[in-house]
Amino acid sequence: MPDCLFCKIAAREIPATLVFEDEQVVAFKDINPKAPTHVLVVPKKHLDRLSSSEDEDSPLLGHLQRVAVYVAGQLSLKDFRLVVNNGRGAGQTVDHLHYHLMGGRPMQWPPG
Ligand code: AMP
Ligand code: ZN
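Chemist: Can you explain the pairing of strand S3 (residues 37–43)? Please cite residues and give values.
Modeler: Within S3, 7 of the 7 residues are buried, which leaves it mostly tucked inside the rest of the structure. In terms of strand pairing, strand S2 (residues 25–29) meets S3 through 5 bridges, oriented antiparallel. Along S3, the bridge assignment pairs lysine 29 with valine 39. Note: S3 against strand S5 (residues 99–103), 5 bridges, orientation antiparallel. Bridge pairing links threonine 37 to glycine 103 in S5.

Chemist: Lay out the site of ligand 1 in plain terms, naming residues and giving numbers.
Modeler: Around ligand 1, a shell composed of 16 residues is seen, among which Asp30, Asn85, Gly91, Thr93 and His100 lie nearest. Side-chain polar atom of histidine 98 to an oxygen atom of ligand 1: 2.9 Å apart, as the coordinates give it. At 2.8 Å from an oxygen atom of ligand 1 is found a side-chain nitrogen or oxygen belonging to histidine 100. When ligand 1 is considered free in solution it has 500 Å² of accessible area, and contact with the protein chains removes 84% of it. Looking at the shell around ligand 1, the elements that each hand over two or more residues are helix H1 (5–10) and S2. When grouped by side-chain class, the residues that make up the shell around ligand 1 number 7 nonpolar, 7 polar and 2 charged.

Chemist: Would you mind going over the coordination of the zinc ion (ligand 2) in detail, with residue names and values included?
Modeler: The coordination sphere of the zinc ion (ligand 2), as far as protein atoms go, consists of Cys4 (SG), Cys7 (SG), His46 (ND1) and His96 (ND1), spread over 2.0 to 2.3 Å. Around the zinc ion (ligand 2) sit 4 donor atoms; with metal-centred angles ranging over 103 to 117°, the donor geometry is tetrahedral. Within one chain, the residues serving as donors to the zinc ion (ligand 2) are arranged as C-x2-C-x38-H-x49-H. With cysteine 7 in helix H1 and histidine 46 in the loop between S3 and helix H2 (58–74), this residue pair connects regions lying 39 residues apart in the sequence. For histidine 46, a relative accessible area of 26% gives the class partly exposed.

Rules behind the numbers
Residues numbered from 1 in each chain as written. Chains lettered and ligands numbered in written order. Predicted model: local features only at pLDDT ≥ 70, side-chain atom pairs only at ≥ 80, totals over all residues. Heavy atoms only, no water. Buried < 20%, exposed > 50% of the residue type's maximum accessible area, 1.4 Å probe, protein only. Helix = DSSP H or I, 4+ residues; strand = E, 2+ residues; numbered from the N terminus. Pairing = 2+ DSSP bridges. Near = heavy atom within 4 Å. Polar contact = N/O pair within 3.5 Å; in protein donor to acceptor, adjacent residues only side chain to side chain. Areas by Shrake-Rupley, 256 points an atom, 1.4 Å probe, with all protein chains shown as cover. Nonpolar A, V, L, I, M, F, W, Y, C, P; charged D, E, K, R; others polar. Donors = N, O, S within 2.8 Å, 3.2 Å for Na, K, Ca; no water. Tetrahedral: all angles 85-135°; square planar, octahedral: opposite > 155°, others 65-115°.

Below, the structure is given as structure tokens:
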């Protein structure tokens, strides 16, 4: 396993507040939330970033979005934002693909 924070959370080696888990995905609360609801939706498979995905990952990427919709519903979010930061210049700090599911406050556009 790579020395990776989110791989370790997915393997339950580092604690997190899980809100969803299945064979392919975990979702847990962001430790430094930027919105009243801020959950990270994370594949158990290690991918450095979205642009590291390949065609064979398409079902997984679709599933991550479906999980995000499911979790949003579970958390009673009608409106939400789903964000991927791809690369340092886009704000990525953890090198394991994750979708930010954020809601519970009005969102501005464009993001900074
Ligand atoms: P990004 O900047 O897009 O790579 O997002 C990484 C996110 O991971 C940030 O929003 C952090 O607050 C969050 N984060 C970092 N460490 C942890 C952790 N141990 N548990 C939960 N979320 C974390
Ligand atoms: Zn990883």
